[in-house]
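Coordinates in review
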Amino acid sequence: VNTGTGIMPLVGQLSKDGLKLYFTSQNMRGNKQLYVMTRAKAGDSFDTPKRLTGVGNDDGYDIIMPTLTGDESQMVFVSSKDGTQKGNDLY
């Protein structure tokens, strides 16, 4: 999987059908945000990463370790406002 320039993947999870890859990326300032890449069928290349919005990404939070339910209706992730483990919360 090639995420392209400026995106440094850390941890992620494939959807049950293998058509989506959800992952955390760290930018040059050290902020971590959630992205998703999709593909038409298993074995194809993934498309360009798209940053997920509405999950704290726009509020200055570090977001890591996305985990999906099998039907992809819910995601649990770790979020930290101050970038330390002391400030971690699950969402």
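Now for a look at the structure at hand. This structure is a prediction, so every number in the text was calculated from the model and none was measured. (Residues numbered from 1 in each chain as written. Predicted model: local features only at pLDDT ≥ 70, side-chain atom pairs only at ≥ 80, totals over all residues. Heavy atoms only, no water.)

**Let's talk about the pattern of salt bridges**
Formally: Here, a salt bridge means any Lys or Arg side-chain nitrogen found within 4 Å of an Asp or Glu carboxyl oxygen. Each helix is a run of H or I in the DSSP string that is no shorter than four residues. Each strand is a run of E no shorter than two, and both are numbered from the N terminus. Categorising residues by exposure relies on relative accessible area from a 1.4 Å probe, with only protein chains included: less than 20% of the type maximum marks a residue as buried, more than 50% marks it as exposed, and the intermediate range marks it as partly exposed.
A complete count under the given rule lists two salt bridges for this structure. The residue Lys20 makes a salt bridge to Glu72 at a minimum N-O spacing of 3.6 Å. Of this pair, Lys20 sits in strand 2 (residues 20-26) while Glu72 sits in the loop between strand 5 (62-68) and strand 6 (75-80); the two residues are 52 residues apart in sequence, bridging distant segments of the chain. Accessibility expressed as a relative area gives 32% for Lys20, which makes it partly exposed. Its salt-bridge partner being Asp47, residue Lys50 comes within 3.3 Å of it at the nearest N-O pair. Asp47 sits in the partly exposed class, given a relative accessible area of 29%.

**Focus: the side chain of Ser15**
Keep this limit in mind: Throughout, a residue-residue contact means that at least one pair of heavy atoms, one from each residue, lies within 4.5 Å.
Along the chain, the position of Ser15 falls in the loop between strand 1 (8-14) and strand 2. Given a relative accessible area of 4%, Ser15 falls into the buried group. Apart from the residues lying within four places of it in its own chain, the contact partners of Ser15 are Lys20, Leu68 and Glu72.

**So, the environment of Leu21**
Tracing the backbone shows Leu21 in strand 2. Sequence spacing of Leu21 and Val36 is 15 residues, and the spatial spacing of their C-alpha atoms is 5.5 Å. Setting aside its immediate chain neighbours within four residues, Leu21 contacts Val1, Gln13, Leu14, Tyr35, Val36, Met37 and Phe46.

**Some words on a nonpolar patch on the surface**
The condition that has to hold: Patch membership needs two things, relative accessible area over 30% and no salt bridge, and members are linked within 9 Å if like-charged or within 5 Å if nonpolar (Val, Leu, Ile, Met, Phe, Trp, Tyr). To measure how exposed things are, a 1.4 Å probe is used in the Shrake-Rupley method; for residues, cover is taken only from the protein chains shown.
A cluster of nonpolar residues, Leu10, Val11 and Met65, forms a patch on the protein surface that exposes about 260 Å² of accessible area. As for its placement among the helices and strands, Val11 is situated in strand 1.

**Section: the packing of aromatic side chains**
Threshold: Any Phe, Tyr or Trp ring, taking Trp's six-membered ring, that has another such ring centre within 6.5 Å forms a pair; planes under 30 degrees apart are called stacked, those over 60 apart edge-to-face, and the others tilted.
Under the definition given, this model contains two aromatic pairs. Judged by centre distance (5.7 Å) and plane angle (15°), the ring pair of Phe23 and Tyr35 falls under stacked. Remark: Tyr35 occurs in strand 3 (residues 32-38) and Phe23 occurs in strand 2; sequence separation between them is 12 residues. Residue Tyr35 is classed as buried on the basis of its relative accessible area of 14%.

**Looking at the sheet that holds strand 3**
Note the following rule: Each pair of strands is called paired provided DSSP finds at least two bridges between the two strands.
One open sheet holds the four strands; their spatial order is 1-2-3-4, and the pairing between them is antiparallel. A single partner strand is all that each edge strand has here, and the edge strands are strand 1 and strand 4 (50-51). With seven bridges joining them, strand 2 and strand 3 adopt antiparallel strand pairing. Its bridge partner lying in strand 3, Tyr22 is registered against Val36.

**So, unusual backbone geometry**
A positive phi angle, close to 55°, is found at Met65, a residue other than glycine. Tracing the chain through its elements places Met65 in strand 5. You can call Met65 partly exposed: its relative accessible area is 49%. Of note in this structure, Glu72 is not a glycine but carries a positive phi near 60°.

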